[in-house]
Amino acid sequence: MSTSDFIPGTSRYSTFLRYAHWVTVVLVFLAYISINARKFLERGSAERLLAVESHYLIGIVVLLITVPRILVRLRQEAPPILPALGPASRLASKTAHLALFMFLIVQPVLGVASRLVSGRGIGMPLTEWSIPSFAVAQPELAKSLIHLHEFIGDAFYYVIGMHILAALWHLLVRRDNVLQRMV
Ligand code: HEM
Ligand code: HEM
């Protein structure tokens, strides 16, 4: 860990955890934008295919970042919050972060699984290449997985929104070092 990770009185998350957080934020926003953009693009068009396949690739990258991030996080405690939170806020933030971490794993896994059992594979943007599907297609299972993926995707608009509001509350109302620890 470099010395810049320690501002007097305010230690920060390690460089890797900070980068992983902000790169993930950008990718999650892009995952939402790309899949919503498809609704405005003509069915069967190259633009729509690009939006949908970008969604797949972005989501897979989120998963690939989140797995090592969780492994690193399990070995590194969060830096202290000053002034310390009360037990109710601590519980609320722990629960929210656990839910966010689960989302970052479960959501891409459901997306990947739905494509693999659909028999259609996972096409990669701007290439002819695709991750091949399982030999035996199970369209009903694929449909259930994608419904769950869409439900969780919708629910997390609210969870992510609350998370951002909580960060703003810490910055502007409580005026503690919560956000500083992540930048
Ligand atoms: C951070 C990761 C991801 C997020 C936040 C996310 C979010 C979403 C959301 C919100 C929708 C529903 C959009 C709507 O209601 O119209 C959706 C649809 C979908 N996602 Fe994801 N997704 C992620 C990763 C993935 C991955 C990795 C795959 C597959 C490789 C995938 C495959 C799909 C598919 C097939 C659909 C349905 C598209 C359609 O109906 O044409 N997603 N996703
Ligand atoms: C503008 C948007 C965002 C801001 C300002 C923000 C800010 C923060 C801050 C300040 C923390 C540290 C909280 C603490 O230690 O008590 C944090 C943690 C976290 N954030 Fe965000 N966040 C944003 C978006 C997101 C998004 C989109 C996701 C994922 C969907 C996310 C996932 C997480 C997770 C999992 C943690 C826990 C980190 C850990 O314990 O290692 N954040 N965020």
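Since we're looking at a predicted model, the values are computed, not measured. (Residues numbered from 1 in each chain as written. Chains lettered and ligands numbered in written order. Predicted model: local features only at pLDDT ≥ 70, side-chain atom pairs only at ≥ 80, totals over all residues. Heavy atoms only, no water.)

**What about the coordination of the iron atom of ligand 2?**
Line of reasoning, step 1. Protein coordination at the iron atom of ligand 2 comes from His21 (NE2) and His163 (NE2), with a distance range of 2.0 Å.
Line of reasoning, step 2. Here the iron atom of ligand 2 is ringed by six donor atoms whose angles at the metal span 88 to 179°, and the overall shape comes out octahedral. A residue pair is termed long-range when its members are at least 10 positions apart, and His21 in helix 1 (residues 15–37) and His163 in helix 4 (residues 139–174) qualify at 142 residues.
Line of reasoning, step 3. Using a relative accessible area of 12% as the deciding quantity, one classes His21 as buried. (Donors = N, O, S within 2.8 Å, 3.2 Å for Na, K, Ca; no water. Tetrahedral: all angles 85-135°; square planar, octahedral: opposite > 155°, others 65-115°. Helix = DSSP H or I, 4+ residues; strand = E, 2+ residues; numbered from the N terminus. Buried < 20%, exposed > 50% of the residue type's maximum accessible area, 1.4 Å probe, protein only.)

**Side note on the packing of aromatic side chains**
Line of reasoning, step 1. Tallying each qualifying case throughout the model produces two aromatic pairs.
Line of reasoning, step 2. Residues Tyr32 and Tyr157 carry aromatic rings whose centres are separated by 4.5 Å and whose planes lie at 35° to one another, so their mutual orientation is tilted. Here Tyr157 lies in helix 4 and Tyr32 lies in helix 1, a separation of 125 residues in the sequence.
Line of reasoning, step 3. A centroid spacing of 4.3 Å and a plane angle of 10° characterise the contact between Phe103 and Phe156, whose relative ring orientation is stacked. Taken together, the residues Phe103 in helix 3 (residues 87–118) and Phe156 in helix 4 connect sequence positions 53 residues apart. One exposure class covers both Phe103 and Phe156, and it is buried. (Phe/Tyr/Trp six-rings, centres within 6.5 Å; stacked < 30°, edge-to-face > 60°.)

**A few points about the UniProt feature "domain: Cytochrome b561 bacterial/Ni-hydrogenase" (unreviewed entry) in the protein chain**
Line of reasoning, step 1. According to UniProt, the feature "domain: Cytochrome b561 bacterial/Ni-hydrogenase" (unreviewed entry) maps to residues 12–183 in the numbering used here.
Line of reasoning, step 2. Helix and strand shares over residues 12–183 are 70% and 2% respectively, and the end C-alpha atoms of the span are 8 Å apart. (UniProt positions renumbered as here; feature names shortened; annotations may be inferred.)

**Quick word on unusual backbone geometry**
Line of reasoning, step 1. In this structure, the amide linkage connecting Leu82 to the following residue, Pro83, adopts the cis form with an omega of -10°.
Line of reasoning, step 2. In this fold, Pro83 is placed in the loop between helix 2 (46–75) and helix 3.

**Description of the site of ligand 1**
Line of reasoning, step 1. Lining the immediate environment of ligand 1, one finds 19 residues, of which Arg38, Lys39, His55, Gly111 and His149 sit closest.
Line of reasoning, step 2. Interatomic distance of 2.8 Å between a side-chain N/O atom of His55 and a nitrogen atom of ligand 1.
Line of reasoning, step 3. Among the elements of the structure, helix 1, helix 2, helix 3 and helix 4 are those that each provide at least two residues to the shell around ligand 1.
Line of reasoning, step 4. No other element matches helix 3, which puts six residues into the shell around ligand 1.
Line of reasoning, step 5. Tallied by class, residues from the shell around ligand 1 come to nine nonpolar, six polar and four charged. (Near = heavy atom within 4 Å. Polar contact = N/O pair within 3.5 Å; in protein donor to acceptor, adjacent residues only side chain to side chain. Nonpolar A, V, L, I, M, F, W, Y, C, P; charged D, E, K, R; others polar.)

**As for the site of ligand 2**
Line of reasoning, step 1. The local shell around ligand 2 holds 19 residues, among which Tyr13, His21, Arg73, His163 and Arg181 are the closest.
Line of reasoning, step 2. Between ligand 2 and the protein, one listed contact pairs an oxygen atom with a side-chain N or O atom of Arg181 at 2.9 Å.
Line of reasoning, step 3. Mapped onto the shell around ligand 2, the elements with two or more residues apiece are helix 1, helix 2, helix 3 and helix 4.
Line of reasoning, step 4. Grouping the constituent residues of the shell around ligand 2 by class yields 13 nonpolar, three polar and three charged.

**Brief notes about the environment of Val136**
Line of reasoning, step 1. Positionally, Val136 belongs in the loop between strand 4 (130–131) and helix 4.
Line of reasoning, step 2. Of the residues examined, Val136 reaches a relative accessible area of 64% and is grouped as exposed.
Line of reasoning, step 3. Along the chain, Val136 and Gly119 lie 17 residues apart, while their C-alpha atoms are 6.8 Å from each other.

**Concerning a nonpolar patch on the surface**
Line of reasoning, step 1. Among the surface-exposed residues, Val26, Phe29, Leu30, Ile33, Ile164, Leu165, Leu168, Trp169, Leu171, Leu172 and Val173 lie close enough to one another that they form a single nonpolar patch of about 1,000 Å² accessible area.
Line of reasoning, step 2. Broken down by secondary-structure element, the contributors of at least two residues to the nonpolar patch are helix 1 and helix 4.
Line of reasoning, step 3. Mapped onto the fold, Ile164 is located in helix 4.
Line of reasoning, step 4. Residue classification places Ile164 among the partly exposed residues on the basis of a relative accessible area of 38%. (Patch = residues over 30% accessible without salt bridge, like charges linked within 9 Å, V, L, I, M, F, W, Y side chains within 5 Å. Areas by Shrake-Rupley, 256 points an atom, 1.4 Å probe, with all protein chains shown as cover. Salt bridge = Lys/Arg side-chain N within 4 Å of Asp/Glu carboxyl O.)

**A word on the coordination of the iron atom of ligand 1**
Line of reasoning, step 1. Looking at the iron atom of ligand 1, one finds its protein donor set to be His55 (NE2) and His149 (NE2), positioned 2.0 Å from the metal centre.
Line of reasoning, step 2. Of note is the iron atom of ligand 1, whose six donor atoms meet at the metal with angles of 87 to 179° in an arrangement that counts as octahedral. On the criterion of sequence distance, the pair formed by His55 in helix 2 and His149 in helix 4 is long-range, its members being 94 residues apart.
Line of reasoning, step 3. Taking relative accessible area as the criterion, His55 reaches 15% and is therefore assigned buried.
Line of reasoning, step 4. Classification of His149 as buried rests on a relative accessible area of 12%.

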